[in-house]
Amino acid sequence: MQQAQGYYEQALAIAHEVGDRAVEGTTLNNLGGLADDLGQPEQARSYFEQSLAIFQAVGAVDSARVVAENLTYFDGANTTSGAAPNVLPAILPEKASPPKRRWPSQRKRTS
């Protein structure tokens, strides 16, 4: 996972340098999922929040929705009550229900 993190960080630096905000947002979302998997919840939250801010700033509603869903899942998984704060209302249509988290580690592992 450390190697993946290095590649994501390189991609983020390049995207920032060339001004590709969509790739920046996507890479930050991916880094958020990876940080969560590595047990770094504060860093994960920071990445998700940065990603969401970028997508909202550029008007990428679908991408912002995915990140907001990931952030909601993350918050639910990282609270003692299991209840996630509701970060989706401004992004989701009124009657939509959020799908499950969208990063590779969501697959269940078998022993």
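Above this text you will find the structure in question.
Described in the following lines is the structure provided in the data block. Every chain is numbered on its own, with residues counted from 1 as its sequence reads. Selection of residues for local features in this predicted model requires a pLDDT of at least 70, selection of side-chain atom pairs for listing and counting requires 80 or more, and totals for whole chains, interfaces and linings are taken over all residues. The side-chain numbers reported here are obtained from all heavy atoms of the structure, hydrogens and water having been left aside.

1. Notes on the packing of helix H2 (residues 21-37) against helix H3 (residues 41-58)
The axes used here are C-alpha line fits, helices contributing only the stretch in contact, and every angle between their N-to-C directions lies in the interval 0 to 180 degrees. By the criteria applied, helices consist of DSSP H or I runs no shorter than four residues and strands consist of E runs no shorter than two, each listed in order from the N terminus. H3 packs onto H2 with a crossing angle of 160° between their chain directions and a minimal axis gap of 8 Å. Considering their axes alone, H2 and H3 lie roughly antiparallel with respect to each other. Remark: the crossing between H2 and H3 carries left-handed chirality. The segment H2 lies against H3, with Arg21, Ala22, Glu24, Gly25, Thr26, Leu28, Asn29, Leu31, Gly32, Gly33, Ala35 and Asp36 engaging Gln43, Ala44, Tyr47, Phe48, Gln50, Ser51, Ile54, Phe55 and Val58. In the contact of H2 with H3, the residues fall into 10 nonpolar, eight polar and three charged. Any angle between 65 and 115 degrees counts as roughly perpendicular, while under 35 counts as roughly parallel, over 145 as roughly antiparallel, and the rest as oblique. Take the far helix as the reference: if the near one is turned anticlockwise from it by less than a right angle, the crossing is left-handed, and if turned clockwise, right-handed. Contact definition: two residues touch when any of their heavy atoms are within 4.5 Å. Classes in brief: Ala, Val, Leu, Ile, Met, Phe, Trp, Tyr, Cys and Pro nonpolar; Asp, Glu, Lys and Arg charged; the others, Gly included, polar.

2. Observations regarding the packing of H3 against helix H4 (residues 61-77)
Running from N to C, H3 and H4 point in directions that differ by 155°, and their axes come no closer than 9 Å. In terms of their interaxial angle, H3 and H4 are classed as roughly antiparallel. As H3 runs across H4, the sense of the crossing is left-handed. Facing H3, whose interface residues are Pro41, Ala44, Arg45, Phe48, Glu49, Ser51, Leu52, Phe55 and Gln56, H4 presents Ser63, Ala64, Val67, Ala68, Asn70, Leu71, Phe74 and Asp75. Considering only residue class, the contact of H3 with H4 consists of 10 nonpolar, four polar and three charged.

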